[in-house]
Amino acid sequence: MVADKTQEKIILDVENLKQYFNEGQRDEVRAVDGISFQIFEGETFGLVGESGCGKSTTGRSIIRLYHPTAGKIEFDGEDVSKIKRRADMEHFRRDVQMIYQDPYASLNPRMKVRDIIAEGIDIHHLATDVDDRNQQVNDLLELVGLDRSHGTRYPHEFSGGQRQRIGIARALAMQPKFIICDEPISALDVSIQAQVVNLLMELQQKKKLTYLFIAHDLSMVKYISDRIGVMYYGKLVEVGKSEEIYNFGVHPYTESLLSAIPLPDPEHERTRRRIVYKPAVNDGAERELREISEGHFVYCSEEEVPVFQKKLADKKAQTEKVEV
Amino acid sequence: MEKVLEVKDLKISFDTFAGKVHAIRGVEFDLYRGETLAIVGESGSGKSVTTRSIMRLLAKNANVDSGTIMFKNEDLNKKDDKAMQKIRGRDIAMIFQDPMTSLNPTMTIGKQVAEPLRKHEKISKKEAMNTALELLRLVGIPDAEKRLNNYPHQFSGGQRQRIVIAIALICRPEILIADEPTTALDVTIQAQIIELMKDIQEKIRTSIIFITHDLGVVANVADRVAVMYGGRIVEIGTSEEIFYNPQHPYTWGLLSSMPTLETQDSLYAIPGSPPDLLDPPTGDAFYPRNEFAMQIDTEETPPFFEISPTHKAATWLLAPQAPKVTPPQEIVNRHQHFQKIMKERELVQKKLREV
Ligand SMILES: Nc1ncnc2c1ncn2[C@@H]1O[C@H](COP(=O)(O)OP(=O)(O)OP(=O)(O)O)[C@@H](O)[C@H]1O
Ligand SMILES: Nc1ncnc2c1ncn2[C@@H]1O[C@H](COP(=O)(O)OP(=O)(O)OP(=O)(O)O)[C@@H](O)[C@H]1O
Ligand SMILES: [Mg+2]
Ligand SMILES: [Mg+2]
């Protein structure tokens, strides 16, 4: 939990990151269009937003799968794009792991589960001998709620949820510092979601792990994250403490997103009304993330700051009234 | 109510190096015209295998050991591949859990969406393409006409899934099987897709089997809910019956695992691990993880006990001889919440009658 930011160490610093595809062509996609955010060591930063808004691209840029169109990414104080030495690169590849959105595409179908999990252990020589390697793999299998005997099977013999846990075990095998979890639980059933989330949080406490947690299940994101960033079309539109965003999100897109969350209650669902987001017409005003209250940022123009401040105050006053 | 599909005594196993995996162990359910039946349950409990078997799209190492799947007075289990190909995509369409494997990476998405139409209906290329474009717009692909000639890898996970949905809907199928169709989507698009599916369902009276882990989505879409555990349906009922008056201890655990707004400590997770389907336990497959388990649970498979004409659950707790147990707090809360709702409804009805 981020108690006092001045004492927190920034582990990831993303500055004005842009990632365009097919630049300059007819089908140019500005997948990520100038976003800045920081993640503190040991915290979980949730990234939510519409499908296609650039969440995965952000994650992939961080682990250097792409060469950014513009901007800077600093991990542990070092500019990621400037890592040149092989040893440094290897270090980076160990420290920063990604758990992928698609458990089908990300597991090699011709490898046994044991070997998939041990791949990183082998590459980075993290085991002292064969017994140690086996022990580590068995521990990891158990850690993610699979059975040792599963190790000798192939990915296609597993259900979607089981495959996702194999992916998590593989990432954990590298003993990383920072894990980008790209929708790691959306393919899991709720009880295993609960197990995995409990597991991720436990590991975080034990090993001081930092997570970038990409997901669209807002109730889970709110539960697991210290802070949340809401993305819309390549831009961050709101950033703040997770409670604050969940209860008092003020950007119209955030409001729309919150109104779309289905709750496990048929009666609630029958009466829930969804707010449809209509992006404001471009009035030429210069918009960027601006702080409207401590630690709470909204993408807006200078003039809009007091408007959002008032909206926030009104929302807070309203819930206080209800509680009385 | 008209039955469109009737599944009886379905048993499916897989041959693996480790032995026979008994994935489906006697599944039975009906599907009525125009309804949405949600299937929920633990990962690995057999939801996908059950529905894939309806489409006869099982892996090569699968054996259908028993069972009938009646559709239009015919047993789909008895049809040959050629006959199944005609049914697939036209009468029964499926949206798969993993969008990437159901799209052809080397074919433009415009062609892929139009393909089922070209295959099942006499229609010109141009017409098919126009319908495809219409559908791509309907499922919310921005600038659809510009992107008709793009390939699947050029789209985000959620966009790919919307393309898959467009393919499934283009022939207006009688039964739509949606295997976690919205898992890859954010809530806004999810809501749009669900609204879209409901809309199309109303227009063409499609019956939908909707598999999802998201109990919020279930509460939103389902008329009825089937809960699966260890290769069987352990409870089935109307949405209200399952959410407000669940009876099977597994359903209790499932409903207790969701974070509520108040959850602060670690989440409730059902203890233990899923049953080993290589050697399924005798009795109730859930007993090793069930804090309410009794001796008989380890010995005999519980039959279905009826709670109402629409609601039944396979747990020995419902046997007349069983001791009364108090369900977990979350479940008790749900029950009370429902009784409050019912009272309010009665009041409204009474007022309406007075007016
Ligand atoms: N290789 C690529 N070439 C062209 N466009 C791409 C490529 N990869 C992604 N895009 C586009 O970039 C945008 C952002 O994609 P991204 O995968 O980051 O979205 P996302 O937020 O992760 O969405 P989802 O929730 O659906 O996974 C989308 O419009 C997508 O179509
Ligand atoms: N080709 C196969 N070979 C061996 N076992 C298989 C095969 N396909 C599925 N299984 C097994 O059958 C069981 C049921 O799998 P299924 O995919 O139906 O689960 P599911 O309920 O859809 O789970 P999820 O929610 O994770 O998608 C699992 O135990 C799985 O490991
Ligand atoms: Mg993504
Ligand atoms: Mg499945």
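Quick caveat, the model's predicted, so the values are computed rather than measured.

Conventions used here
Residues numbered from 1 in each chain as written. Chains lettered and ligands numbered in written order. Predicted model: local features only at pLDDT ≥ 70, side-chain atom pairs only at ≥ 80, totals over all residues. Heavy atoms only, no water. Helix = DSSP H or I, 4+ residues; strand = E, 2+ residues; numbered from the N terminus. Rg over C-alpha atoms; globule rule 2.2 N^0.38 Å. Buried < 20%, exposed > 50% of the residue type's maximum accessible area, 1.4 Å probe, protein only. pLDDT = per-residue confidence, 0-100. Core = buried A, V, L, I, M, F, W, Y, C linked by side-chain atoms within 4.5 Å. Contact = heavy atoms within 4.5 Å. Buried area = accessible area lost by both parts, 1.4 Å probe. Salt bridge = Lys/Arg side-chain N within 4 Å of Asp/Glu carboxyl O. Nonpolar A, V, L, I, M, F, W, Y, C, P; charged D, E, K, R; others polar. Near = heavy atom within 4 Å. Polar contact = N/O pair within 3.5 Å; in protein donor to acceptor, adjacent residues only side chain to side chain. Areas by Shrake-Rupley, 256 points an atom, 1.4 Å probe, with all protein chains shown as cover. Expected span 1.5 Å × (residues − 1). Arc of directions from axis to C-beta.

## Digging into the overall build of chain A
In terms of regular secondary structure, chain A is built from 11 helices and 12 strands. Taking 2.2 N^0.38 as the reference for a compact globule, 324 residues should give roughly 20 Å; the C-alpha atoms of chain A span a radius of gyration of 21 Å, in line with that estimate. When its C-alpha atoms are laid out on the principal axes, chain A stretches across 65 × 50 × 45 Å. Of all 324 residues assigned to chain A, the portion counted as buried reaches 55%.

## Brief notes about the confidence of the model for chain A
Counting all residues, the mean pLDDT for chain A is 89, and 95% of those residues have values of 70 or more. Averaged pLDDT values for the elements of chain A fall to 82 in helix α6 (residues 190–207) of chain A and rise to 97 in strand β10 (residues 235–241) of chain A.

## As for the nonpolar core
Leu136, Ile163, Leu176, Leu215, Val218 and Val227 of chain B are the most contacted members of the largest nonpolar core, which has 71 residues in total. When neighbours within four sequence positions are excluded, leucine 215 of chain B is seen to be in contact with Val190 and Pro264 of chain A together with Val40, Phe243, Leu254, Leu255 and Met258 of chain B. One finds Ile185, Leu199 and Ala260 of chain A together with Leu267 of chain B within the second-largest nonpolar core, a separate group that totals 56 residues.

## As for the interface of chain A and chain B
Facing 54 residues of chain A, the contacting portion of chain B comprises 63 residues. Interface area, chain A with chain B, both sides summed: about 4400 Å², of which 55% is carbon and sulfur. On inspection of chain A and its partner chain B, the count reaches three salt bridges. Glutamate 267 of chain A serves as the salt-bridge partner of arginine 345 of chain B, at 2.6 Å between the closest nitrogen and oxygen. Ranked by residues supplied to the side of chain A that touches chain B, first place goes to α6 of chain A with seven residues. When the residues that make up the side of chain A that touches chain B are grouped by side-chain class, the tally is 21 nonpolar, 16 polar and 17 charged.

## Examining the site of ligand 2
Every one of the 23 residues lining ligand 2 counts as a neighbour, but Ser43, Gly44, Lys47, Ser48 and Val49 of chain B are closest to it. Within the backbone of glutamate 157 of chain A, a nitrogen or oxygen atom sits 2.9 Å from an oxygen atom of ligand 2. Between lysine 47 of chain B and ligand 2, the recorded distance is 2.9 Å, taken from a side-chain N or O atom to an oxygen atom. In isolation ligand 2 exposes 640 Å². Once the protein is present, 93% of that is buried.

## Comments concerning the side chain of arginine 272 of chain A
You can see arginine 272 of chain A is positioned in the loop between α10 (266–271) and β11 (288–293). A polar side-chain atom of arginine 272 of chain A sits 2.6 Å from a polar atom in the side chain of glutamate 269 of chain A. Sequence-distant contacts of arginine 272 of chain A, defined by excluding residues within four places in its chain, comprise Ser259, Ala260, Ile261 and Pro262 of chain A together with Asn220 of chain B.

## Structural notes on the pattern of salt bridges
Counted under the stated rule, the structure contains 49 salt bridges over all chains. Between arginine 133 of chain A and aspartate 122 of chain A there is a salt bridge; the shortest N-O distance is 3.0 Å. Taken together, the residues arginine 133 of chain A in helix α4 (residues 130–143) and aspartate 122 of chain A in helix α3 (residues 113–123) connect sequence positions 11 residues apart. Residue aspartate 122 of chain A is classed as partly exposed on the basis of its relative accessible area, which comes to 37%. Across the pair aspartate 81 of chain B and arginine 56 of chain B runs a salt bridge whose closest N-O atoms are separated by 3.5 Å. A residue pair is termed long-range when its members are at least 10 positions apart, and aspartate 81 of chain B in helix α2 (residues 81–87) and arginine 56 of chain B in the loop between α1 (47–55) and β4 (62–71) qualify at 25 residues. Assessed through its relative accessible area of 53%, aspartate 81 of chain B is described here as exposed.

## Here's the deal with helix α5 (residues 125–138) of chain B
Residue and element names in this part refer to chain B. Over its 14 residues, α5 extends 20 Å from the first C-alpha to the last, a length consistent with the 20 Å expected when each residue adds 1.5 Å. Those residues of α5 that sit buried are Ala128, Ala132, Leu133, Leu135 and Leu136. The buried residues of α5 occupy an angular sector of 165 degrees when the element is viewed end-on, so they sit on one face. Turned more than 90 degrees away from the buried face of α5, the exposed residues are Lys126 and Glu134. The elements touched by buried residues of α5 are α4 (109–120), α6 (144–147) and α7 (157–169). Where α5 terminates, the next one or two residues include glycine 140, which has phi positive at roughly 85 degrees.

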